[in-house]
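Reading the structure
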Amino acid sequence: LRARRARGHVVVCGDGPMAMSLSRQLRATGHRVVHIAEKRIGVPDGRRGPLWVLGDARNPDVLRAAGVAHASALYACAEDSATNTAVALAAGRRQRGERPLAVYAQVQDPELCLALQARHLGTTDPPKIRLDFFNIDDLAARHLLTKEPIIPPLDRPPRFLVVGATTFGRAIIVEIARQWRVLAPSA
């Protein structure tokens, strides 16, 4: 009942490590969190913990029980990208007359993430939600290079060695290229 009546809170969906970590970080920065999961794990009871709603976040009744109609944001962080996309779509179907809900859906595959971002940006219907798809490797690469910036010489393109063609390695390369393009657009 407290979750359903909450206002201005953040809803986190999922019971994997990403969802649990995000829930802790949001609470640490002062946000009120309602956590939707299949089972309650990893967080002790008490005032410092989130409010819990147990169930499948794709179910409109579960979203309603989490107070999504009055939330400020929803993060879909299940381990499965299809589940996260379904949660985002279900959140978009709710009835709400106020400003659009900010919805962030995690997508494991970076190419699929880009395709979903492009598809959503190409829609002409007025948004019921402000939807953004994200890939954790892209976010990690941006965060790493923000915290530990690489200052390349401006008179020539930089040279870097990234060992491993993992998703994170490719995200680092793209972020370095993006930063170089911002620093030296004519190079």
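The sections below set out a description of the structure shown in this document. From a predicted model like this one, the values you see are computed outputs, not experimental measurements.

Topic: the packing of aromatic side chains
- This model, assessed by the stated rule, comprises 1 aromatic pair.
- Here the aromatic rings of Tyr-75 and Tyr-104 are separated by 4.9 Å at their centres, their planes lie at 20°, and the arrangement is stacked. Highlighted residues: Tyr-75 in strand 4 (residues 73-76) and Tyr-104 in strand 5 (residues 101-106), separated in sequence by 29 residues.
- A relative accessible area of 25% means that Tyr-104 is categorised as partly exposed.

Section: the nonpolar core
- Counting residues in each nonpolar core, the largest one holds 27 residues, and the members touching the most others are Val-11, Ile-36, Leu-74, Leu-101 and Val-103.
- Looking at which element gives the most residues to this core, the answer is helix 4 (residues 81-92), with 4 residues.
- In this view, Val-103 contacts Leu-74, Ala-88, Ala-91, Ile-129, Arg-130, Leu-131 and Asp-132; residues no more than four positions away in its chain are not counted.
- Counting residues in each nonpolar core, the second largest holds 11 residues, with Leu-26, Cys-77, Ala-102 and Phe-134 among its members.

Description of helix 2 (residues 17-28)
- The end-to-end C-alpha distance of helix 2, which contains 12 residues, comes to 16 Å, matching closely the 16 Å that a straight helix rising 1.5 Å per residue would cover.
- Elements in contact with the buried residues of helix 2: strand 1 (10-13), strand 2 (33-37), strand 3 (51-54) and strand 4.
- Positive phi appears at Gly-30, one or two residues downstream of helix 2, with a value of about 95°.

Calculation rules
- Residues numbered from 1 in each chain as written.
- Predicted model: local features only at pLDDT ≥ 70, side-chain atom pairs only at ≥ 80, totals over all residues.
- Heavy atoms only, no water.
- Phe/Tyr/Trp six-rings, centres within 6.5 Å; stacked < 30°, edge-to-face > 60°.
- Helix = DSSP H or I, 4+ residues; strand = E, 2+ residues; numbered from the N terminus.
- Buried < 20%, exposed > 50% of the residue type's maximum accessible area, 1.4 Å probe, protein only.
- Core = buried A, V, L, I, M, F, W, Y, C linked by side-chain atoms within 4.5 Å.
- Contact = heavy atoms within 4.5 Å.
- Expected span 1.5 Å × (residues − 1).

Bear in mind that shape data such as this cannot, by itself, settle questions of function.
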